[in-house]
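Listed below, chain by chain, are the residues.
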Amino acid sequence: MIGAQWGDEGKGKITDLLSRSAHVVVRYQGGVNAGHTVVVKGQTFKLHLIPSGILYPDTECVIGNGTVIDPKALIVELDTLAELGISAENLFISSSAHVTMPYHRMIDQAAEERRGNKKIGTTKRGIGPTYADKSERTGIRIIDLMETEVLKEQIEWTVQYKNVVLENLYDLPPLDAKAVIEEYMGYADRLRSHVVDSSLLINQAVRQRKNILFEGAQGTLLDLDHGTYPYVTSSNPVAGGACIGSGVGPTMIDRVIGVAKAYTTRVGEGPFPTELCDGLGDQLCALGAEFGTTTGRQRRCGWFDAVIGRYAVRINGIDCVAITKLDVLDEMEEIQVCVAYEIDGEKHHELPSSARQFARCQPIYKTMPGWKQSTSHCKSLDDLPQEALNYLKFLAELMEVPIAIVSLGASRDQTIIVEDPIHGPKRALLYENGITPQVA
Ligand code: IMP
């Protein structure tokens, strides 16, 4: 299950729905930059790394090798679960995942400040610097954390090296290697019982024909390779990332479910063609409670962008989509859908790979009439007002993909299951004849 936009598509609720049919839930990329709000026994709390499948006592939850783990933050999540009486016995952490260190957080914050008006708007959780060290081959992995002598040697060497960067490049105080070693040895003791070879665990589950849900964090447009670079995160949230980030072969993935909001939001910097910088944007933000779970930042809001939707279908090989937060549009007089872009009078049906060109894209809209009534009680497509149904049909046609789920509110029962996304028919090679949307 992947995000088809810039993250925050409402994946948490869909994961919760799908987790009921899953024996194993795997988080395969990202770190504590992600977040979802969970309500247990009337209490609201936030999870950043642990899949929300942990709320189901028999579901095994895996934090895969493709993630970056901030042990301090993970332990806070474990403590919160323990306080609520939720067992974390079924939580497994990949021994190959990389560890976020204090210098990663410091560098992320300092680098953002240094970038000035070129800042990315990161969550400042040290995600980019942790992945950078992984690629540079100076990273510390969970398995290193488990081997005390290796850990000591690695931290001593790395802290010495990073202190040069902290002091000379960012004018920051150096770190004390001994204190860092002590802190991380404490984390190691706490996490040890959860550490496994997660690829082995997942592949054993495959052999036992268990249902496995791979849960992407962030979204397609934040993907390091396929997103709106450089305004992206440092990992691969796209469906292909599931294989790399969890150690399963592509032949093991049965289907890909995309999640898209009925409109669009984005946190952080970067171009956003359908952004509404007026009262309507504020209205969407207020109605949709569009504030980040991790940073509390107000999300930028705009109309649904079908160019992006279609792109996400292509990049991920999406079989079916879940459209979330349709109810947020309930009171709109008219709803706009971006069907293509225009640059210098020329029409574009695909996302330009140049960031400069993308920033110049003007949306071409098709205006749809609103339905001006509440949909949050609707239990089937037949209950929906005709205009809402037309809107959904139009999105499906533009994205060239069937809609399997429609979400109309935060609670589990505010959901229309059009077609079972797990057991329903798999998308055939639809639209091979290359339907291009009709632009009004
Ligand atoms: P980083 O992942 O903290 O490096 O941030 C890079 C970009 O991804 C920034 O624009 C963030 O706002 C965005 N981002 C990271 N995680 C999320 C998320 O879970 N939801 C939405 N945006 C995110």
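Here's the deal with the site of the ligand
Neighbouring the ligand are 15 residues; Asp8, Asn33, Thr123, Thr233 and Arg297 lie closest to it. Take aspartate 8: an N or O atom from its side chain is 3.1 Å from a nitrogen atom of the ligand. A distance of 3.2 Å separates a nitrogen atom of the ligand from a polar atom in the side chain of glutamine 218. Of the residues contributing to the shell around the ligand, the split by class is six nonpolar, seven polar and two charged.

Quick notes on the pairing of strand E7 (residues 91-94)
Residues Leu91 and Ile93 line one face of E7 and the alternating positions Phe92 and Ser94 line the opposite face, and both faces are buried. Summarising the sheet, strand E5 (residues 60-63) and E7 pair through three bridges and their orientation is parallel. Note on E7: the bridge partner recorded for valine 62 is phenylalanine 92.

Overview of the side chain of threonine 158
Mapped onto the elements of the fold, threonine 158 is located in helix H6 (residues 148-168). When near neighbours in sequence (up to four residues on either side) are disregarded, threonine 158 contacts Tyr103, Thr138 and Ile140.

Description of the sheet that holds strand E20 (residues 415-417)
Here we have five strands laid out as an open sheet, ordered E1-E11-E15-E19-E20, and mixed in their pairing. Two strands lie at the open edges of the sheet, namely strand E1 (2-3) and E20, each paired on one side alone. Where strand E19 (residues 403-407) lies against E20, three bridges are found, and the strand directions are antiparallel. When the bridges of E20 are listed, isoleucine 405 appears paired with isoleucine 417. Against the sheet, helix H13 (residues 386-399) touches strand E15 (320-324) and E19, its axis set at about 140 degrees to E15.

Details of the pairing of strand E3 (residues 36-40)
Burial along E3 is one-sided: the face carrying His36, Val38 and Val40 is buried and the face carrying Thr37 and Val39 is not. Between E3 and strand E4 (residues 43-47), which pair antiparallel in sequence order, lie two residues; one of them, lysine 41, sits at a positive phi of approximately 50 degrees.

Describing unusual backbone geometry
Looking along the chain, the bond that leaves tyrosine 229 and enters proline 230 is cis, with omega of 5 degrees. Mapped onto the secondary structure, proline 230 falls in the loop between strand E10 (212-215) and helix H9 (239-244). In the Ramachandran plot, arginine 137 falls in the positive-phi region, its phi being about 65 degrees despite a non-glycine side chain. Examined against the element boundaries, arginine 137 turns out to sit in the loop between helix H4 (127-136) and helix H5 (142-146). Given the relative accessible area of 74%, arginine 137 is considered exposed. Residues other than glycine seldom take positive phi values, yet alanine 289 does so here, at roughly 45 degrees. Here alanine 289 shows up in the loop between helix H10 (279-287) and strand E13 (300-302).

A word on the packing of aromatic side chains
Following the criterion strictly, the structure yields six aromatic pairs and no others. Considering the side-chain rings of tyrosine 341 and phenylalanine 358, the 6.1 Å spacing of their centres and the 65 degrees angle between planes classify their relative orientation as edge-to-face. Note that tyrosine 341 is positioned in strand E16 (residues 334-343) and phenylalanine 358 in helix H12 (residues 355-360), a separation of 17 residues in sequence. We note that tyrosine 341, like phenylalanine 358, is buried. With centroids separated by 5.9 Å and ring planes inclined at 45 degrees, the aromatic side chains of tryptophan 371 and tyrosine 391 adopt a geometry described as tilted. Of this pair, tryptophan 371 sits in the loop between strand E18 (362-369) and H13 while tyrosine 391 is found in helix H13, placing the two residues 20 residues apart along the sequence. Residue classification places tryptophan 371 among the buried residues on the basis of a relative accessible area of 4%.

As for the nonpolar core
Ranked by size, the top nonpolar core spans 58 residues in total, and within it Ile318, Ile323, Leu326, Leu329, Val337, Leu384 and Tyr391 carry the most contacts. Per-element accounting of this core gives the leading share, nine residues, to H13. Setting aside residues no more than four positions away along its own chain, leucine 329 makes contact with Ala262, Tyr263, Leu284, Trp303, Ile335, Trp371 and Tyr391. Counting 44 residues, the second-largest nonpolar core is a separate cluster that includes Ile75, Ile86, Leu191 and Val195.

Some thoughts on the packing of helix H3 (residues 102-115) against H4
One can describe the packing of H3 onto H4 by two numbers: an axis separation of 7 Å at closest approach and a directional angle of 120 degrees. Taken together, the axes of H3 and H4 are oblique relative to one another. For the pair H3 and H4, the sense of crossing is right-handed. Residues Tyr103, His104, Ile107 and Asp108 of H3 pack against Ile127, Pro129, Thr130 and Asp133 of H4.

So, how was this worked out
- Residues numbered from 1 in each chain as written.
- Predicted model: local features only at pLDDT ≥ 70, side-chain atom pairs only at ≥ 80, totals over all residues.
- Heavy atoms only, no water.
- Near = heavy atom within 4 Å.
- Polar contact = N/O pair within 3.5 Å; in protein donor to acceptor, adjacent residues only side chain to side chain.
- Nonpolar A, V, L, I, M, F, W, Y, C, P; charged D, E, K, R; others polar.
- Buried < 20%, exposed > 50% of the residue type's maximum accessible area, 1.4 Å probe, protein only.
- Helix = DSSP H or I, 4+ residues; strand = E, 2+ residues; numbered from the N terminus.
- Pairing = 2+ DSSP bridges.
- Contact = heavy atoms within 4.5 Å.
- Axes fitted to C-alpha atoms, helices over the stretch in contact; angles between N-to-C directions.
- Phe/Tyr/Trp six-rings, centres within 6.5 Å; stacked < 30°, edge-to-face > 60°.
- Core = buried A, V, L, I, M, F, W, Y, C linked by side-chain atoms within 4.5 Å.
- Parallel < 35°, antiparallel > 145°, perpendicular 65-115°, else oblique.
- Left-handed = near helix turned anticlockwise from the far one by under 90°.

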